[in-house]
Amino acid sequence: MSIDVIGDFLTTIRNGLMSSKSFVVTPFSGINLEIAHILKSEGFIKDASVVEEDSKRFIKVFLKYVDGESVIHEIKRVSRPGRRNYKGASDIKPVIGGLGLSILTTNKGVISHLKAKELGIGGEVICTVW
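Every value quoted in this text rests on a predicted model; they were computed, and no experiment measured them.

J.: Sorry, what's going on with the environment of Gly43 here?
T.: Mapped onto the elements of the fold, Gly43 is located in the loop between helix H2 (30-41) and strand S2 (45-53). Given a relative accessible area of 22%, Gly43 falls into the partly exposed group. In sequence terms Gly43 and Ile72 are 29 residues apart; their C-alpha atoms lie 9.5 Å from each other. With sequence-adjacent residues up to four places away left out, Gly43 is seen in contact with Lys64 and Val71.

J.: Mind showing me how you'd approach the pattern of salt bridges here?
T.: A pair can form between side chains of opposite charge whenever their charged atoms are brought close. The full count for this structure, using the stated rule, is 5 salt bridges. For Glu74, the salt bridge identified is with Lys76, shortest N-O distance 4.0 Å. Residue class for Glu74 comes out partly exposed when judged on its relative accessible area of 32%. With a relative accessible area of 44%, Lys76 lands in the partly exposed category. Between Lys115 and Glu118 there is a salt bridge, with its nearest N and O atoms 3.9 Å apart. One end of the pair is Lys115 and the other is Glu118, both in helix H3 (residues 113-119) and 3 residues apart, which spans about a single turn. For Lys115, a relative accessible area of 37% gives the class partly exposed.

J.: What exactly am I supposed to notice about the pairing of strand S9 (residues 109-112) here?
T.: One face of the sheet, then the other: side chains in a regular strand alternate in exactly this way. Sheet topology note: the strand S8 (residues 101-106)/S9 ladder contains 4 bridges and is antiparallel. Among the inter-strand pairings, Leu104 is bridged to a residue of S9, identified as Ile111. Where S8 folds back onto S9 in an antiparallel hairpin, the turn is made up of 2 residues.

J.: Would you explain the side chain of Arg77 in this entry?
T.: Among the secondary structure elements, Arg77 is positioned in strand S6 (residues 75-77). In terms of polar contacts, Arg77 uses its side chain to reach the backbone carbonyl oxygen of Ser79, at 2.4 Å. Setting aside anything within four residues of it in sequence, one finds Arg77 in contact with Asp4, Ile6, Gly7, Leu10, Arg84, Ile126 and Cys127.

J.: Please clarify how the nonpolar core should be interpreted in this entry.
T.: Side chains that are nonpolar tend, in soluble globular proteins, to be buried together. Within the largest apolar cluster, 26 residues are counted, with the highest numbers of intra-cluster contacts made by Ile13, Ile35, Leu39, Ile45, Ile72 and Ile103. Not counting residues within four places of it along the chain, the set of residues in contact with Ile45 comprises Ala36, Leu39, Lys40, Val61, Phe62, Leu63, Lys64 and Ile72. Core analysis: the second largest hydrophobic core is formed by 6 residues, Ile92, Leu104, Ile121 and Val125 among them.

Parameters and conventions
- Residues numbered from 1 in each chain as written.
- Predicted model: local features only at pLDDT ≥ 70, side-chain atom pairs only at ≥ 80, totals over all residues.
- Heavy atoms only, no water.
- Helix = DSSP H or I, 4+ residues; strand = E, 2+ residues; numbered from the N terminus.
- Buried < 20%, exposed > 50% of the residue type's maximum accessible area, 1.4 Å probe, protein only.
- Contact = heavy atoms within 4.5 Å.
- Salt bridge = Lys/Arg side-chain N within 4 Å of Asp/Glu carboxyl O.
- Pairing = 2+ DSSP bridges.
- Polar contact = N/O pair within 3.5 Å; in protein donor to acceptor, adjacent residues only side chain to side chain.
- Core = buried A, V, L, I, M, F, W, Y, C linked by side-chain atoms within 4.5 Å.

Following this line, the structure appears as structure tokens:
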């Protein structure tokens, strides 16, 4: 049995947005922290920090709202454990006409599709956000 930590992370964010939470807390994972840093740098969330309680680490993600509406309209897992989705640099398409963002894992680390195009590298598409 495989546990999809990225899928659980994205679902926790999605559920927090649906219930208008100011923040959500998820179990710590290095790749989830990298995804959170990309979401912060692109303006989809306010902040993300690592919190330690009872010798366990968690990621606290502060969600972002503008005029009571969530900045994230949809956050969707693309590549799953049962079906990986790889794209070359020339095959990466903009999300919602450039309003959204794809997050990829590459040999240069976890990066946005904009950075991947700039570097001319492809990789596994983890998720899309808009």
